[in-house]
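# Notes for the structure review
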Amino acid sequence: MSFETISVIGLGYIGLPTAAMFASRKKKVIGVDVNKLAVDTINLGQIHIVEPDLDMIVHAAVTEGYLKAVSIPEPADAFLIAVPTPFMPFEDGAIPEPDLSYIESACNGIAQVLKQGDLVILESTSPVGATEQVAQWLADARPDLSFPQTAGEDADINIAHCPERVLPGQVVRELVENDRVIGGMTAKCSARAVELYKTFVQGDCVITNARTAEMAKLTENSCRDVQIAFANELSIICDKLDIDVWELISLANRHPRINILQPGPGVGGHCIAVDPWFIVSKTPSEAKLIHTARLVNDSKPKWVINKVKLAIADYLIANPEKTAKDITIACYGLAFKPDIDDLRESPAKEIVCCIAKTHKGRILVVEPNIQVLPEVLSTLELVDMQDALEIADLHLVLVDHKEFKQCKINTKLLIDTKGIWN
Ligand code: SAJ
């Protein structure tokens, strides 16, 4: 059976571009979101998130009548769940557990309109076993329909996990070009999911089972986290041994089988700093390396803050006539990675917030991708790079934005967490 109407539950960074891609292939798409502002904005043909090229695609899809947004699910032939999977509240130092309540409420909404022959796909990054849990929630809500966990290939409803894998900032291109991992609960579930994604995916759709698909997504982001932790640990070791870590990594990377990633102020964003915990919380005794990598990366902002304190102390020893109030610090970058405006879960922002709490002198912030400072930093000064370079006594590089890389500075008081001015 082909898919005439496709519903996407959750119109955020993944759901909205996915909905728009289906609509751009002239499928009737119903986007569902609990955020009324998002629904209203999309129905005006506009977007509530920042992602290159997405505004154009959404505008065309809405004005041509292929995409509409609603608050309550409506009947469709396929449902894609793309809602957040945050952490449950947790104590400092404890292992965070995933919170599946957004997925559960998406299932409750879908269950009301589900009919025989429908396909349900979980796209949200999820712990192993979540797809089976989705199937159970739907079965509990709809005892009149049969599901793959009991009816196998003959089930009324097909269910699969197909994790999103796109890079923020390149979502539109990667949605089309990346390979997809398709984890159906049965072979028929997988085959139907492949048929759906082939509407716009040009990459390969590789079939596996649901649990392996869940673990594949977590593995990709954990692999990157472990590799970044290795680079961050090297940067701390090199600082102690008075070795330039950037030179060291570029030398080591000349080996044909070595490819070390880059150290930085820590790991930010909603994915790499989160997903490894889904493995650790499921298998805490076994996931030792993945757990340690998380701790190494999470501790890096504190290490940077301590470097700033030491630099201030050294400056005051060298300039006994001055006090901390006389020292102006310039912080370069607030975003969680280069050349984007996204400050969510940004180690750079965390570091600047922390310095702002203790430093008595001026703090200048240079962030070319934003026009106003976030509320928590509203007492600081957002300035352009030239002013910061001229005025500040201590320069702290936190993000390797292209604007920063294009310029060279020469100062003694420099803490460069990205190695662009060292
Ligand atoms: N980072 C470093 N050093 C590096 C590379 C990155 O410190 O050498 C830092 C960045 O500055 C940033 C963080 O890591 O703070 C994460 O950035 P990222 O570019 O590695 O990844 P994300 O979080 O933007 O997107 C990741 C991607 N996953 C992988 O590359 C394996 C993306 O494909 C996923 O779809 C996305 O997570 C997701 O949604 O899970």
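See the structure printed just above.
Residues numbered from 1 in each chain as written. Predicted model: local features only at pLDDT ≥ 70, side-chain atom pairs only at ≥ 80, totals over all residues. Heavy atoms only, no water.

We now examine the overall build of the protein chain. Looking only at helices and strands, one finds 15 helices and 13 strands in the protein chain. Computed over its C-alpha atoms, the radius of gyration of the protein chain comes to 24 Å, within 12% of the 22 Å expected for a compact globule of 422 residues. Taking the principal axes of the C-alpha coordinates as reference, the protein chain spans close to 80 × 50 × 40 Å. Split into buried and exposed, the 422 residues of the protein chain put 53% on the buried side. A fraction of 68% describes how many contacts in the protein chain between residues 6 or more apart in sequence connect residues 24 or more apart. Surface exposure of the protein chain reaches about 19,800 Å², of which carbon and sulfur atoms provide 54%. For the protein chain, the distance from the average site of its 40 positive side-chain charges to the average site of its 57 negative ones is 2 Å. (Helix = DSSP H or I, 4+ residues; strand = E, 2+ residues; numbered from the N terminus. Rg over C-alpha atoms; globule rule 2.2 N^0.38 Å. Buried < 20%, exposed > 50% of the residue type's maximum accessible area, 1.4 Å probe, protein only. Contact = heavy atoms within 4.5 Å. Areas by Shrake-Rupley, 256 points an atom, 1.4 Å probe, with all protein chains shown as cover. Lys, Arg positive; Asp, Glu negative; His and termini not counted. Charge placed at Lys NZ, Arg CZ, Asp CG, Glu CD.)

Below, the discussion takes up the packing of aromatic side chains. Going through the model one piece at a time under the given rule, you end up with 6 aromatic pairs. Centroid distance Tyr332 to Phe404: 5.7 Å. Interplanar angle 85°. Geometry classified as edge-to-face. Here Phe404 lies in helix α15 (residues 402–405) and Tyr332 lies in strand β9 (residues 329–332), a separation of 72 residues in the sequence. In terms of burial, Tyr332 and Phe404 fall into one category: buried. Over the ring of Tyr13 we find Arg344, and its NZ or CZ is 4.1 Å from the ring centre. (Phe/Tyr/Trp six-rings, centres within 6.5 Å; stacked < 30°, edge-to-face > 60°. Lys NZ or Arg CZ within 6 Å of the ring centre and 35° of its normal.)

Let's shift gears to empty space enclosed by the protein. Taken as a whole and judged by the stated rule, the model has 1 cavity of 30 Å³ or more. Counted as a void, the largest cavity has a volume near 30 Å³. Here the lining of the largest cavity is built from residues that sort into 2 nonpolar, 1 polar and 4 charged. (1 Å grid on protein atoms, 1.4 Å probe; cavity = no way out; pocket = protein on both sides within 12 Å on 5 of 7 lines; lining within 4 Å. Points joined across faces, edges and corners; volume = space filled by probe spheres on them. Nonpolar A, V, L, I, M, F, W, Y, C, P; charged D, E, K, R; others polar.)

Its location among the elements puts Ile6 in strand β1 (residues 5–9). Sequence separation of Ile6 and Ala76 is 70 residues, and the distance between their C-alpha atoms is 5.5 Å. In this structure, Ile6 is in contact with Phe22, Lys27, Lys28, Val29, Ile30, Ala76, Ala78, Leu80 and Leu196, ignoring residues within four places of it in sequence.

This paragraph deals with the site of the ligand. Close contacts around the ligand come from 19 residues, with Glu164, Val166, Lys217, Arg224 and Phe336 the closest. Contacts to the ligand include Lys337, whose side-chain N or O atom sits 2.7 Å from an oxygen atom. Burial of the ligand by the protein amounts to 87% of the accessible area it has alone, namely 780 Å². When residues of the shell around the ligand are assigned to their parent elements, the largest contribution, 5 residues, is made by helix α9 (residues 210–241). In the shell around the ligand, the residues fall into 9 nonpolar, 3 polar and 7 charged. Inspection of the shell around the ligand shows a minimum of three residues originating in each of domain 1 (5–203) and domain 2 (220–416). (Near = heavy atom within 4 Å. Polar contact = N/O pair within 3.5 Å; in protein donor to acceptor, adjacent residues only side chain to side chain. Domains from an automatic or database assignment.)

Counted by the stated rule, this structure contains 17 salt bridges. In this structure, the salt-bridge partner of Lys26 is Glu64, at a minimum N-O distance of 3.7 Å. With Lys26 in the loop between α1 (15–24) and β2 (28–32) and Glu64 in the loop between α3 (54–63) and β3 (67–70), the pair connects residues that are 38 residues apart, well separated along the chain. Between Arg142 and Asp144 there is a salt bridge whose closest N-O contact spans 2.8 Å. For Arg142, a relative accessible area of 16% gives the class buried. On the basis of relative accessibility, which here comes to 54%, the residue Asp144 falls in the exposed class. What you see here is one network of salt bridges that share partners, running through Asp77, Lys115 and Asp118. (Salt bridge = Lys/Arg side-chain N within 4 Å of Asp/Glu carboxyl O.)

Each regular strand shows side chains that alternate between the opposite faces of the sheet. Neither face of strand β5 (residues 119–122) is open: one carries Leu119 and Ile121, the other Val120 and Leu122, and all of them are buried. Sheet topology places strand β4 (residues 78–81) next to β5; 4 bridges connect them, and they run parallel. For Phe79, the partnering residue across the bridge sits in β5 and is Val120. Running through helix α4 (residues 101–111), the crossover from β4 to the neighbouring parallel element β5 is right-handed. The pairing of β5 with strand β6 (residues 158–161) spans 4 bridges and is classified as parallel. Bridge pairing links Leu122 to His161 in β6. (Pairing = 2+ DSSP bridges. Right-handed = clockwise from strand over helix to strand, strands pointing away.)

A few words on α3. For α3, the full list of buried residues reads Leu54, Ile57, Val58, Ala61 and Val62. An end-on view of α3 places all buried positions within 125° of arc, on one side of the element. Seen from the buried face of α3, the exposed residues on the opposite side, beyond 90 degrees, are Met56 and Thr63. The secondary structure elements touched by the buried residues of α3 are α1, α2 (36–43), β3 and α7 (171–177). In the segment just after α3, Gly65 is the residue with positive phi, at about 85°. (Arc of directions from axis to C-beta.)

Counting residues in each nonpolar core, the largest one holds 41 residues, and the members touching the most others are Ile42, Val58, Leu67, Leu80, Ile121, Leu196 and Tyr197. Top contributing element to this core by residue count: α1, with 6 residues. Apart from the residues within four sequence positions on either side, Ile42 is in contact with Leu11, Leu16, His48, Val58, Val62, Leu67 and Ala69. Counting residues in each nonpolar core, the second largest holds 31 residues, with Tyr315, Ile340, Val352 and Leu394 among its members. (Core = buried A, V, L, I, M, F, W, Y, C linked by side-chain atoms within 4.5 Å.)

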